[in-house]
Amino acid sequence: MKLYGSHLSMFAARVAMMLEIKGHLDAVPLENVPGGLHSDEHYALTKTGKIPFLVKDNGDVLIESQVIAEYLDNVLDGPDMCGHSADERAQISLICRLVDMYFMPALGPLLMAIIWQRPNEKAIENSVNKAIPEALDYLEHYLGGDGYAVGDNWTLADCAIIGTLYSFLNLMSDFGVGDFGDRPKLKAWWHTVKDKPETVTCLDRAAKVVQAMMAARAADK
Ligand SMILES: N[C@@H](CCC(=O)N[C@@H](CS)C(=O)NCC(=O)O)C(=O)O
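Numbering of residues begins from 1 in every chain and follows the order in which that chain's sequence is written. Whole-chain, interface and lining totals are the exception, using all residues; otherwise, since this is a predicted model, local features are given only for residues with pLDDT of at least 70 and side-chain atom pairs are given and counted only at 80 or more. Only heavy atoms go into the side-chain values, all of them from the structure, while hydrogens and water stay out.

## Here we look at the sheet that holds strand β3 (residues 53–55)
Taken in spatial order, the four strands of this open sheet run β2-β1-β3-β4, and their pairing is mixed. Because the sheet does not close on itself, it has two edges, and the strands there are β2 (30–31) and β4 (61–63). Of the strand pairs in this sheet, strand β1 (residues 2–4) and β2 are connected by two bridges, and their pairing is parallel. For Leu3, the partnering residue across the bridge sits in β2 and is Leu30. Contacts are assigned to residue pairs with any non-hydrogen atoms lying within 4.5 Å of each other. Every axis in this analysis is a line fitted to C-alpha atoms, fitted for helices over the stretch in contact. Angles between the N-to-C directions lie between 0 and 180 degrees. Helix numbers and strand numbers start at the N terminus; a helix is a DSSP run of H or I with at least 4 residues, a strand a run of E with at least 2. Sitting on the sheet, helix α3 (residues 65–75) touches β1, β3 and β4, and the angle it makes with β4 is about 125°. DSSP bridges decide pairing: two strands pair if at least two such bridges lie between them.

## Focus on the domain arrangement of the chain
Here the limits of each domain have been adopted from an automatic or database domain assignment. Under the domain assignment used here, the chain contains domain 1 (2–75) and domain 2 (86–216). For domain 1 versus domain 2, the separation of C-alpha centres amounts to 20 Å. Each side of the interface is counted separately: domain 1 has 16 residues, and domain 2 has 24 residues. Accessible area, probed at 1.4 Å, shrinks when two parts are joined; the buried area is that loss added up over both. Both sides together, the interface formed by domain 1 and domain 2 hides about 1700 Å², and carbon and sulfur atoms give 74% of it. Interface area lost by domain 1 to domain 2 is led by Leu8, Met10 and Met17, which between them contribute 42%. We define a salt bridge as a contact between a side-chain nitrogen of Lys or Arg and a carboxyl oxygen of Asp or Glu at a distance within 4 Å. On inspection of domain 1 and its partner domain 2, the count reaches two salt bridges. Residue Arg14 pairs with Asp100 through a salt bridge whose shortest N-O separation is 2.6 Å. When contributions to the side of domain 1 that touches domain 2 are tallied by element, the ones reaching two or more residues are α1 (10–22) and α3.

So this is what it looks like as structure tokens:
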């Protein structure tokens, strides 16, 4: 199997972190899109032209980070990342969905400004004053784990949140965001997971992409 994307992608980072926890990131590393993002080769492999995507051994292609993560969790050995009971599975899906539907879209306008230098002031204002705080409030309310996001061990729910955090915690302070504010459950969760090797390497992988991007931009000037 081959997984394509970039560690800077919050969607791809979720899958890569899950693979690392399951012990398969060396066997299924996250590689650059053949031909580059939005190339003919990329569109030949995916209709959406998005990352991440997974090319299975039989050549079939899976898109959508959550679908890919759940598939890999099913077919690869290692710790179960999607929950054991129906209740646990629902709780993990819920956290992933809150990240996908509210937190990541809220971060989008800031990332467009910071990484892609395409600011939209109105969208940024909405994100900073409304969408990001609301999304964090949703996570705060539904986070229910014992140390981890759900239950007492790593699940895909932790990977979904941590996949967003390099950008959120490190790049957004100029906009007055980038911490969990007065949200005790999120703060306690982060306190438990932030120094774990899986978290540190996930954030490091994204940092390296940003450093390489900035170096390439500086060299272009
Ligand atoms: N819902 C998709 C979203 C994927 C997505 O939007 N990825 C971004 C990178 S973070 C992308 O491919 N952007 C390029 C584009 O939108 O054309 C998923 O979960 O995989």
